[in-house]
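# Architecture at a glance
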Amino acid sequence: MGVVDCDTMLMLLASSEEVPAEYRRTVTAQMMKGFVDHARAAGTTVTGGQSVRNPWPIIGGVAMAVRQQSMFIRPVNAVPGDVLVLTKPLGTQVAVNVHQWERRPAYWDKVKDIITLEQAEEAFAKASASMVRLNKTGAELMHKYGAHAATDVTGFGVVGHARNLAGEQKTPCELEIDTLPLIRHMREINEVVDFNLLAGSSAETSGGLLVCLPAENAVPFCEDIARLDGCPAWVVGRVCAVPAGARSGAHIVDKPTILDV
């Protein structure tokens, strides 16, 4: 919704019971430090939260802000003729899984002929860099370039979130995605182990923004993202009109352009 500033955050923390005790304190402390560091980078502070024991480590949070309506963008005003811009690449789920498979021979054997260890590590590094990058710049640029609507891309995949976004629009429309920016080598992995990456339903963690922008503002928006964050954004589709009485929706075209990034 283009909310740029956050007043406070609460931390939700689970310390892993499966991590040996001699490592648990260090691991948990580093997780907390990373969370607090990123809160500071976003211009906010952690003021409380909750911690529990759990079989696996978890960290997350709740962000809170009180703002006037003029300071956020309701995700309901996309119109036919707008274009879709995506601010982070797709494929984080695939890259993280491949990284884990490096230590699990039964899984690594399935992909070892199509990706090297070095390439897998490079993909994991790109995924990690994407996941830790804030969407704050994108939110700021939504205001500058007159965004009509936006959503983040996380657990439902790019098509799932696009469908949800389309369903909220005041003007019925179809969000058509014709380009998929993918972390390099993840397309080949998906051909062997299907994560539904090309179908647009592969889950993303800390994904980018899918923004509906006036067509004339899309390229300047992408140029500013690249200049300010040092990372590209891409025009990945368009907002299309639908026949009278038809429902809003979203889809990927039959043969999308694949960008290896």
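Here's what I pulled together on the structure shown here. (Residues numbered from 1 in each chain as written. Predicted model: local features only at pLDDT ≥ 70, side-chain atom pairs only at ≥ 80, totals over all residues. Heavy atoms only, no water.)

### With respect to the overall build of the protein
- Across its full length, the protein holds 8 helices and 9 strands.
- Taken against the 2.2 N^0.38 rule, which gives 18 Å for 261 residues, the C-alpha radius of gyration of the protein at 20 Å falls within 12% of a compact globule.
- C-alpha atoms of the protein, sized along the principal axes, occupy 60 × 50 × 35 Å.
- Counting over 261 residues, the protein shows a buried share of 40%.
- Put simply, of all contacts in the protein between residues at least 6 apart along the chain, 86% involve residues at least 24 apart.
- Accessible surface, the protein: about 13,500 Å² in total, of which carbon and sulfur atoms supply 54%. (Helix = DSSP H or I, 4+ residues; strand = E, 2+ residues; numbered from the N terminus. Rg over C-alpha atoms; globule rule 2.2 N^0.38 Å. Buried < 20%, exposed > 50% of the residue type's maximum accessible area, 1.4 Å probe, protein only. Contact = heavy atoms within 4.5 Å. Areas by Shrake-Rupley, 256 points an atom, 1.4 Å probe, with all protein chains shown as cover.)

### Topic: the sheet that holds strand β2 (residues 45-54)
- Pairing in this open sheet of 3 strands is mixed, and the strands run β2-β1-β3 from one edge to the other. Strand pairing shows two members of the sheet lacking a second neighbour, β2 and β3 (58-64), which therefore form its edges. On average, adjacent strands in this sheet sit at an angle of 15 degrees to one another, irrespective of strand direction.
- Bridge count for strand β1 (residues 8-16) against β3 is 7 bridges, and the pairing is antiparallel. Looking at β3, one finds that methionine 9 is bridged to alanine 63.
- Along the sheet, helix α1 (residues 21-41) contacts β1, β2 and β3; its crossing angle with β1, the most-contacted strand, is approximately 160 degrees. (Pairing = 2+ DSSP bridges. Axes fitted to C-alpha atoms, helices over the stretch in contact; angles between N-to-C directions.)

### Some details on α1
- The terminal C-alpha atoms of α1, which comprises 21 residues, lie 31 Å apart, in line with the 30 Å expected from a rise of 1.5 Å per residue.
- Taken as a whole, α1 has its buried residues at Arg24, Thr28, Phe35 and Ala39. One side of α1 carries all its buried residues, which in axial view fall inside an arc of 40 degrees. Those residues of α1 that are exposed and aimed more than 90 degrees away from the buried face are Glu22, Tyr23, Gln30, Arg40 and Ala41.
- For α1, the elements touching its buried residues are β1, β2 and β3.
- Just downstream of α1, glycine 43 is the residue with a positive phi angle, here 85 degrees. (Expected span 1.5 Å × (residues − 1). Arc of directions from axis to C-beta.)

### A closer look at the environment of leucine 141
- The topology assignment puts leucine 141 in helix α5 (residues 136-144).
- Once the C-alpha coordinates of leucine 141 and alanine 125 are considered, the two residues, 16 residues apart in sequence, prove to be 26 Å apart.
- Those residues in contact with leucine 141 that sit more than four places away from it in its chain are Phe221, Asp224, Ile225 and Leu228.

### Topic: the nonpolar core
- Membership of the largest hydrophobic core comes to 38 residues, with the highest contact counts inside it found for Leu175, Met186 and Ile189.
- If sequence neighbours within four positions are ignored, leucine 175 has contacts with Leu84, Ala162, Leu165, Ala166, Arg238, Val239, Gly249, Ala250 and His251.
- Core analysis: the next-biggest nonpolar cluster, separate from the first, contains 16 residues, Val83, Val85, Leu213 and Ile225 among them. (Core = buried A, V, L, I, M, F, W, Y, C linked by side-chain atoms within 4.5 Å.)

### Side note on the pattern of salt bridges
- This structure, assessed with the given rule, holds 10 salt bridges.
- Ionic pairing is found between aspartate 37 and arginine 40, a salt bridge with its closest N-O pair at 4.0 Å. Taken together, the residues aspartate 37 and arginine 40, both in helix α1 and 3 residues apart, mark about one turn of the helix.
- Residue class for aspartate 37 comes out partly exposed when judged on its relative accessible area of 30%.
- On the basis of relative accessibility, which here comes to 60%, the residue arginine 40 falls in the exposed class.
- In this structure, lysine 144 and aspartate 224 form a salt bridge, with 2.8 Å as the shortest nitrogen-oxygen distance. Taken together, the residues span a long stretch of sequence, with lysine 144 in helix α5 and aspartate 224 in helix α8 (residues 215-229) at a distance of 80 residues.
- With relative accessibility at 53%, the residue lysine 144 sits in the exposed group.
- Overall, the relative accessible area of 8% leaves aspartate 224 in the buried class.
- Bridged by salt links that share partners, the residues Lys33, Asp37 and Arg40 form one connected network. (Salt bridge = Lys/Arg side-chain N within 4 Å of Asp/Glu carboxyl O.)

The values are spatial; any link to function lies outside them.
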